[in-house]
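An overview of the molecular structure
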Amino acid sequence: MVKGANVGLSALSENVGAVVVGLGWSSATGEGDADVSVLLLDADGKVRSDADFCFYNNPVAGDGSVHLLGKTPTADGSEDRISFDLDAVPPEVDKVVVAASRYGGARFGELDDLRLTLADSTGDGLARFAVHDVEEVSALIFGELYRRAGEWKFRAVGQGYASGLAGLATDYGVDIDDDAETADAETAVAQAADGEAASARTAGPEGAGAERTGTGQVDAAPEGPGPEWPGPDVEVPGGTSTATSARVPAQSRDGHAVDRAATGPEPAEPGTAAAPADAPKSARRPRTAKKKVTLPRTARKSLADNDTWRTARLFPGSALKSDRERETRATSVVLSVMAQVPEFGRRLTAAFGAPAGRMETFTEVTLPHGESPRRPDGVIRVERAGKLWTALVETKTNGNALKPDQVQAYMDIAARRGYEAVITLSNDVALEGSPLVDVRIDRRRKHKVALWHLSWAEVVHQAQMLIRHEGVGDAAHAWLLQELLHYLQHENSGCHGFQNMGAAWVPVRRGIDEETLCQGDARALEVIENWERLVRQVCLRLGGELGQKVLPVQRARRGADPGARRTELADHLCEQGRLNAEIRIEGTPGVLGITADLRTGKLRTSIEVPAEGAGYPLARAKRLVRRLSDAPADLHIETLVDGRGTGPRGTLERLRPEPADILPKDGAQITGFRLSLFKGMGAGRGSAETGFIRSVDDAVDRFHAQVVAHVDAPVV
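Residues numbered from 1 in each chain as written. Predicted model: local features only at pLDDT ≥ 70, side-chain atom pairs only at ≥ 80, totals over all residues. Heavy atoms only, no water.

1. Considering the overall build of the protein
What counts is decided by this rule: Per the convention used, a helix needs a DSSP run of H or I reaching at least four residues, while a strand needs a run of E reaching at least two, with both numbered from the N terminus. Exposure categories follow from relative accessible area, calculated using a 1.4 Å probe and restricted to protein chains: below 20% of the type maximum is buried, above 50% is exposed, and the middle band is partly exposed. Should any heavy atoms of two residues lie within 4.5 Å, those residues are counted as being in contact.
Across its full length, the protein holds 13 helices and 30 strands. In the protein, which comprises 716 residues, the share counted as buried stands at 53%. In the protein, the share of contacts with a sequence separation of at least 24, taken over all contacts with a separation of at least 6, comes to 71%.

2. Observations concerning unusual backbone geometry
In this model, Ala149 sits at a positive phi of 55 degrees, which is unusual for a non-glycine residue. Checked against the element boundaries, Ala149 lands in the loop between β11 (139–148) and β12 (151–161). On the basis of relative accessibility, which here comes to 81%, the residue Ala149 falls in the exposed class. Backbone geometry places Glu515, a non-glycine residue, at a positive phi of 60 degrees. Counting through the fold element by element, Glu515 comes out in the loop between α8 (505–514) and α9 (522–546).

3. A few points about the environment of Gly593
By the secondary structure assignment, Gly593 is in strand β26 (residues 591–597). Using a relative accessible area of 12% as the deciding quantity, one classes Gly593 as buried. In the structure, Gly593 is positioned 13 residues away from Ser606 in sequence and 5.0 Å away in space, judged by C-alpha atoms. Apart from residues lying up to four places away in sequence, Gly593 is in contact with Ala581, Glu582, Arg604, Thr605 and Ser606.

4. Points about the packing of helix α3 (residues 323–340) against helix α7 (residues 475–488)
Put simply, the rule reads: All axes here are fitted lines through C-alpha atoms, helices being fitted over the stretch that makes contact, and every angle between N-to-C directions spans 0 to 180 degrees. An angle below 35 degrees is read as roughly parallel, one above 145 as roughly antiparallel, one from 65 to 115 as roughly perpendicular, and any other as oblique. Should the near helix be turned anticlockwise from the far one by less than a right angle, the crossing is left-handed, and should it be turned clockwise, the crossing is right-handed.
At a minimum axis separation of 10 Å, α3 and α7 run at an interaxial angle of 160 degrees. As far as their axial angle goes, α7 and α3 are roughly antiparallel. The handedness of the crossing between α3 and α7 is left-handed. In contact with Arg326, Arg329, Ala330, Val333, Val334, Val337 and Gln340 of α3, α7 contributes His477, Leu480, Leu481, Leu484 and Tyr487.

5. Focus on the pattern of salt bridges
Under the convention used in this document: Salt bridges are counted wherever a side-chain nitrogen of Lys or Arg sits within 4 Å of a carboxyl oxygen of Asp or Glu.
Under the definition given, this model contains 38 salt bridges. Close ionic contact of Arg324 with Glu327 constitutes a salt bridge, the shortest N to O distance being 3.5 Å. Pair noted here: Arg324 and Glu327 are both in helix α3, with a separation of three residues, about one helical turn. For Arg324, a relative accessible area of 40% corresponds to the partly exposed category. A salt bridge links Glu470 to Arg347; the nearest nitrogen and oxygen atoms lie 2.6 Å apart. Here Glu470, found in helix α6 (residues 456–470), pairs with Arg347, found in helix α4 (residues 342–349); they are 123 residues apart in sequence, far enough to count as distant. It is possible to trace a salt-bridge network through shared partners that takes in Asp33, Asp35, Lys71, Asp80, Lys549 and Arg584.

6. Details of the sheet that holds strand β28 (residues 636–641)
Here is the rule: Here, any two strands with at least 2 DSSP bridges between them count as paired.
A sheet is described by the order of its strands in space; here seven strands give the open sequence β24-β25-β26-β27-β30-β28-β29, paired in antiparallel fashion. One side of each edge strand has no neighbouring strand; the edge strands of this open sheet are β24 (550–552) and β29 (645–651). In this sheet, adjacent strand axes meet at a mean angle of 25 degrees when their direction is disregarded. Pairing of strand β25 (residues 578–585) with β26, which is carried by seven bridges, proceeds in the antiparallel orientation. Paired with Glu582 across the strands is Gly593, a residue of β26. Sitting on the sheet, helix α13 (residues 692–706) touches β25, β26, β27 (602–610) and β30 (670–680), and the angle it makes with β27 is about 25 degrees.

7. Digging into the nonpolar core
We apply this condition: Side-chain atoms within 4.5 Å link the members of a nonpolar core, which is a set of buried Ala, Val, Leu, Ile, Met, Phe, Trp, Tyr and Cys residues.
Formed by 58 residues in total, the largest nonpolar core has its most connected members in Trp531, Leu579, Leu635, Ile637, Leu675 and Phe692. Residue contributions to this core peak at nine residues, all from α9. The contact partners of Leu635, leaving out residues within four places of it in the chain, are Leu628, Gly650, Thr651, Leu652, Leu675, Ser676, Leu677, Phe703 and Val707. Ala330, Val460, Leu480 and Leu481 belong to the second-largest nonpolar core, a separate cluster that totals 43 residues.

8. Points about the packing of aromatic side chains
The following threshold applies: Whether two aromatic rings pair depends on their centres lying within 6.5 Å, for rings of Phe, Tyr and Trp, where Trp uses its six-membered ring; planes under 30 degrees apart make the pair stacked, over 60 edge-to-face, and the rest tilted. Our definition puts a charge over a ring when NZ of Lys or CZ of Arg is within 6 Å of the ring centre and also within 35 degrees of the ring normal.
On inspection of all chains with the given rule, the structure shows seven aromatic pairs. Both rings, one in Phe108 and one in Phe142, keep their centres 6.4 Å apart while their planes meet at 80 degrees; by these two values the pair is edge-to-face. Here Phe108 is found in the loop between β8 (95–101) and β9 (112–119), whereas its partner Phe142 is found in strand β11, with 34 residues between them in sequence. Phe108 sits in the buried class, given a relative accessible area of 0%. Among the aromatic residues, those joined into a ring-pair cluster are Trp25, Phe108 and Phe142. Over the face of the ring belonging to Tyr146 we find Arg155, whose NZ or CZ atom lies 4.2 Å from the ring centre.

9. Overview of the sheet that holds strand β3 (residues 35–41)
Here we have six strands laid out as an open sheet, ordered β1-β12-β11-β8-β3-β4, and antiparallel in their pairing. The outermost strands of the open sheet, each flanked by one partner alone, are β1 (6–8) and β4 (53–54). For β3 and β8, the ladder comprises seven bridges, and the chain directions are antiparallel. Within β8, the residue paired with Val38 across the bridge is Val98.

10. Observations concerning the pairing of β3
Residues in a regular strand point their side chains to alternate faces of the sheet. Across the seven residues that make up β3, a large majority, seven, are buried. With burial as the criterion, each face of β3 is covered, one bearing Asp35, Ser37, Leu39 and Leu41 and the other bearing Val36, Val38 and Leu40. Here β3 pairs with β4 via two bridges, running antiparallel. Looking at the pairing, Leu39 lines up with Phe53 of β4.

11. Concerning the packing of α8 against α9
We count it as follows: By the convention adopted, Pro, Cys, Tyr, Trp, Phe, Met, Ile, Leu, Val and Ala count as nonpolar, Lys, Arg, Asp and Glu as charged, and the other residues, Gly among them, as polar.
Relative orientation of the contacting elements α8 and α9 amounts to 115 degrees, with a least axis distance of 9 Å. Crossing hand, α8 versus α9: left-handed. Within the contact between the two elements, α8 uses Trp505, Pro507 and Val508 and α9 uses Arg523, Ala524 and Val527. Residues belonging to the contact of α8 with α9 are distributed by class as follows: five nonpolar, no polar and one charged.

12. Considerations on the confidence of the model for the protein
Worth spelling out the cut-off: pLDDT measures the predictor's confidence residue by residue and takes values from 0 up to 100.
Put simply, the protein has an average pLDDT of 81, and 80% of its residues get 70 or more. Within the protein, the element-level pLDDT minimum falls on strand β15 (residues 235–236), averaging 32, and the maximum on strand β22 (residues 421–426), averaging 96.

13. Here's the deal with the environment of Thr605
Considering the arrangement of structural elements, one finds Thr605 in strand β27. The class for Thr605 is buried, based on a relative accessible area of 3%. As for Thr605 and Ile594, which are separated by eleven residues in sequence, their C-alpha atoms are 4.7 Å apart. Not counting residues within four places of it along the chain, the set of residues in contact with Thr605 comprises Gly593, Leu675, Ser676, Leu677, Ala699, Val700 and Phe703.

Have a look at this one:
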């Protein structure tokens, strides 16, 4: 589509009751990013209330008809996806605006390949819009969905605001909070209730005098049920309740106070005295955050006599003896929690085109199929406004692979019965362009059935994000998610995610060691695909633990064929004997590199940080060493020199007494430093203590906790 063009959705597909919009971009460094937002507008072009402003702090709006799904890895990077249940959009909403904003003075002109994609409920692409000429804007409207003559249409907009998120929000009637005293007071309330300071995020719009901030969680659900559960309101000293969502002072993304002087003084109201020019400006932000419940940061002291007493669990896992029992139990556990915790069920199904409605789940349902009835592991059914959405579920645990004949039979049954989807759930991680199972699609059938895949690692990730970071509606839901997580992470559950590098792993390692592995060897391609699965699982696990976006970085040309890209990487593996990956963690100054050298048996984790601050080179070196005071002594530090790559290098142990040893002798300009840790690589293909997968997990965890966590993100 071109800028300004519009199209009726019904002309593109019959399955447009629910659609998924994807927003994507790329940057040369892999670090450029933006935050997605959606506004639901009435016939006057304004939001009905602040609840119609859907953004990172309010990811669900319109009675559940709009859901921000977050970032999803793709073949050439990642994209933000938004689910729209158009049949459920309130009738008072006439238009839905899809936008994104940057922060800290960044502009969309610094990003490449800006685009919007539109897909129907079966995942089929309907439209694509490439956005150009937005160099100076920090908030951008990609497109809009609107009603016309009883149907939904889409318009490609591609226009933006130099004034950022605040300018966009106020233009559409979102209330911007400017009560700084209330913000400070309620932040203190949140700290008293949760024991920690509320976290904040901002975008720095230009010219609007408004800051974009997030809101910390104000509630904490205890570890187990009982009469002592705090309700939604937690009483604090002074008789104040946390019933009102906490508001926080404006901050920048690095956690420091925002300098508001650049925006100039606010004009005084008529008839009032003007505020002093140097008076602190009030914190301003869209007031849309809702109070949620998360688990406490620290567990309560146990009442058990000793460590041998085991806590009673809702979903015990110790008695499971066979893979069939594990599959049955895992299916029942996850489907039951999906039905009882609406936020969790919606999060797992929104991307599959499910509407936002009442969900019921079933297990061991018998369905006719020729002479031998079939029994899928589960069925998900969602009802909205008298319409039903149904998906069959096929589950596998441990290392059991999905069976193509089983999946094909469920696809045929779903097509005959008019169901919308088949969802497979296993420890495998799906890759774009490399399906886990091949199924035949009968193009003669009018009704289309979508085939979707979930990994157990994704299920755990979504549960962690809700229970530990974003919060759910009440303490009972938080406890249910906690029990689900405990079950999935139990050693006997069989739901531990990707855990086997495949049969080609040992032959490829041997071939590299003996220098007999040749380019074009299919076994090298299998190792590359499994390496990509492992890296994506590392991102899911780390993101769930940190509550931050963690995504693999793809530096391939956007639109490149994923199969061709993996073939090229396989040839590099044969030639160099190394597996390479990069991941981006929100809030860090660079990308985290992971290199597995199969020749030396070493794993290297690294990050490049800019040389911060002004001053002499020696002052910069000393500043870096001070920041790394708690880092491991065997941390390697390399100087990055302008125009010629790397300069002097040494271990932190050697540099602590003599930071000057890291400086170039010829006085060349220092642009940054590369920090690296090395450890031995596991040999086995599995996830055992001595396996390769476990060694990669341990290396990333150690590097992030002991190095990256001490490197503050610079102001963007």
